[in-house]
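Structural features, examined
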Amino acid sequence: MSFNYGLRPTTHQGKTSGGTSAQSAAFGSQTEYVRIASTADVYILFGANPTAVATAGSSTIFIPADQPEIFKVSPGEKVAALGGNNAIISITEMSG
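So, a few notes on the structure that sits alongside this text.

**Let's talk about the pattern of salt bridges**
- Counted by the stated rule, this structure contains one salt bridge.
- Salt-bridge contacts for Glu-32 lead to Lys-72; the nearest nitrogen and oxygen are separated by 3.9 Å. Of this pair, Glu-32 sits in the loop between strand S2 (22–23) and strand S3 (33–38) while Lys-72 is found in strand S6 (residues 69–72), placing the two residues 40 residues apart along the sequence.
- Of the residues examined, Glu-32 reaches a relative accessible area of 30% and is grouped as partly exposed.

**Topic: the pairing of strand S8 (residues 87–95)**
- Of all the nine residues making up S8, eight are buried; the element is thus mostly covered by neighbouring parts of the structure.
- Alignment of strand S1 (residues 8–17) against S8, held across eight bridges, turns out to be antiparallel. From the neighbouring strand, His-12 faces S8, where its bridge partner is Thr-92.

**Let's talk about the sheet that holds strand S4 (residues 42–47)**
- What the four strands build is an open sheet, ordered S2-S7-S4-S5; its pairing is antiparallel. Sheet topology places S2 and strand S5 (61–63) at the edges, where each strand pairs with a single neighbour.
- Here S4 pairs with S5 via three bridges, running antiparallel. Within the sheet, the bridge partner assigned to Ile-44 lies in S5 and is Ile-61.

About the thresholds
Residues numbered from 1 in each chain as written. Predicted model: local features only at pLDDT ≥ 70, side-chain atom pairs only at ≥ 80, totals over all residues. Heavy atoms only, no water. Salt bridge = Lys/Arg side-chain N within 4 Å of Asp/Glu carboxyl O. Helix = DSSP H or I, 4+ residues; strand = E, 2+ residues; numbered from the N terminus. Buried < 20%, exposed > 50% of the residue type's maximum accessible area, 1.4 Å probe, protein only. Pairing = 2+ DSSP bridges.

Here is the structure:
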């Protein structure tokens, strides 16, 4: 499968989930999009101070393992991620 969105990667953040929600650093001033990928199923939530939960009916977004997604974001936002133990979560900030 090939993905070509014409976006420029700028900053990369890597997280390892320990079974609890973990926040990224705030996105940079030039960040318009983020690409999220994980080695295991993961729940994510964007905001100023987000906490991801694995609860039905919450606003948390589910991303299956090995299925990268790209999201439109605002500078200064953060993403929180919650995955299984030892899930490796890749957060790549991108500009247009």
